[in-house]
Amino acid sequence: MAAIVRLSSVCRRGVKPLFYQGTLLARPLVVPHNYQEQPHQLTARIHASQALNAGSGSKAASLHWTGERVVSILLLALGPAAYFSPCPVVDYSLAAALTLHGHWGIGQILTDYVHGDAKIKMTNAGLFVLSTVTFAGLCYFNYNDVGLCKAIALLWSK
């Protein structure tokens, strides 16, 4: 049951509505049970990585998350170790941890923003090449130059 009310009859004498002069204002006083507005369904494709879909019953995602946290904590521990005792073991550990941390981080960005099978394969291949070149370059620098720890100390000393 709905009531149609003339706006001018609601207003007191001498007060005129600004926008609705002489128009009808239809407001339902009671909404019948059979009239319910259906919200507009917004549909969007949600892309999920294939690795998460494939291992729905396994612990792969949980182990990956735990591995990411271990590498992050390892990087926090390698900072003071690199400062107080720079040695080749710390240099190579830092190279491996930085490369792995960067690989996983960029991989998550690519998972979020790259869609389409061909594009995903190309970006994953590019990410593996980038990570391999990064690790090889850091190992080359550690072997043939002063190493990461001493290089950072030299940068900070000047």
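A quick note: this is a predicted structure, and the numbers were derived from the prediction, not measured. Numbers given to residues run from 1 along each chain, matching the order in which its sequence is written. Only residues with pLDDT of at least 70 are given local features in this predicted model, and only at 80 or more are side-chain atom pairs given and counted; all residues enter the totals for whole chains, interfaces and linings. Side-chain numbers come from the whole structure's heavy atoms, not from hydrogens or water.

**Some details on the UniProt feature "binding site: heme b" (unreviewed entry) in the protein chain**
1) Next: UniProt positions are given in the numbering used here, feature names are shortened, and annotations may be inferred rather than shown by experiment. UniProt's entry tags H101 with the feature "binding site: heme b" (unreviewed entry), counted in the numbering of this structure.
2) Next: Remark: exposure states derive from per-residue accessible area (1.4 Å probe, protein chains only) relative to the maximum for the residue type, with buried under 20%, exposed over 50%, and partly exposed in between. For H101, a relative accessible area of 39% translates into the label partly exposed.
3) Next: Setting aside chain neighbours within four positions, we find H101 in contact with V71, S72 and L75. Contacts are assigned to residue pairs that have any heavy atoms within 4.5 Å of one another.

**Points about the side chain of S131**
1) Next: Under the scheme used here, helices are H or I runs from DSSP no shorter than 4 residues and strands are E runs no shorter than 2 residues, and both carry numbers assigned from the N terminus. Of note, S131 is situated in helix α5 (residues 117-144).
2) Next: Judged by relative accessible area, which is 12%, S131 ranks as buried.
3) Next: Once you skip the residues sitting within four places of it in the chain, S131 turns out to touch T99 and H103.

**Re the layout of surface pockets**
1) Next: Points on a 1 Å grid over protein atoms alone make up a cavity when a 1.4 Å probe fits among them but cannot get out, and a pocket when they form an open set with protein on both sides within 12 Å along at least five of seven lines; lining residues each have an atom within 4 Å of a point. Grid points are joined across faces, edges and corners, and a volume is the space filled by probe spheres set on the points. Its boundaries defined by the atoms lining it, the second largest pocket holds a volume of some 180 Å³.
2) Next: Contributing to the lining of the second largest pocket are G79, A82, Y83, P86, L94, C149, K150, I152, A153 and W156.
3) Next: Looking at the lining of the second largest pocket, the elements with two or more residues in it are α3 (60-84) and α6 (148-157).
4) Next: If one sorts the elements of the lining of the second largest pocket by residue count, α6 sits on top with 5 residues.

**Quick word on the UniProt feature "binding site: a ubiquinone" (unreviewed entry) in the protein chain**
1) Next: Mapped onto the present numbering, the UniProt feature "binding site: a ubiquinone" (unreviewed entry) falls on Y113.
2) Next: On the secondary structure map, Y113 appears in helix α4 (residues 88-113).
3) Next: Note on Y113: relative accessible area 65%, which makes it exposed.

**Brief notes about the confidence of the model for the protein chain**
1) Next: Summary of the metric used: pLDDT quantifies the predictor's per-residue confidence within the range 0 to 100. Looking at the protein chain as a whole, its pLDDT mean stands at 78, while 64% of the residues score no less than 70.
2) Next: Summarising per-element confidence for the protein chain, the mean pLDDT is lowest in strand β1 (residues 3-6) (48) and highest in α5 (96).
3) Next: In this model, residues 1-5 is a region of pLDDT below 50 whose contacts with residues beyond four sequence positions or in other chains number 15 contacts.
4) Next: Per-residue pLDDT stays below 50 along residues 23-28; that stretch engages in 12 contacts with residues further than four places along the chain or on separate chains.

**Description of the packing of α4 against α5**
1) Next: Where α4 contacts α5, the two axes come as close as 10 Å, and the packing angle between them is 165°. When the axis of α4 is compared with that of α5, the two are roughly antiparallel. Here the hand of the crossing between α4 and α5 comes out right-handed. Together, D91, Y92, A95, A96, T99, H103, I106, G107 and L110 of α4 and T123, L127, F128, L130, S131, T134, F135, L138, C139, N142 and Y143 of α5 make up the contact between the two elements. The convention used is that axes are lines fitted to C-alpha atoms, helices contributing only their stretch in contact, and that angles between N-to-C directions extend from 0 to 180 degrees. Roughly parallel here means an angle under 35 degrees, roughly antiparallel means over 145, roughly perpendicular means 65 to 115, and every remaining angle is called oblique. In a left-handed crossing the near helix is turned counterclockwise from the far helix by less than a right angle, and in a right-handed crossing that turn is clockwise.

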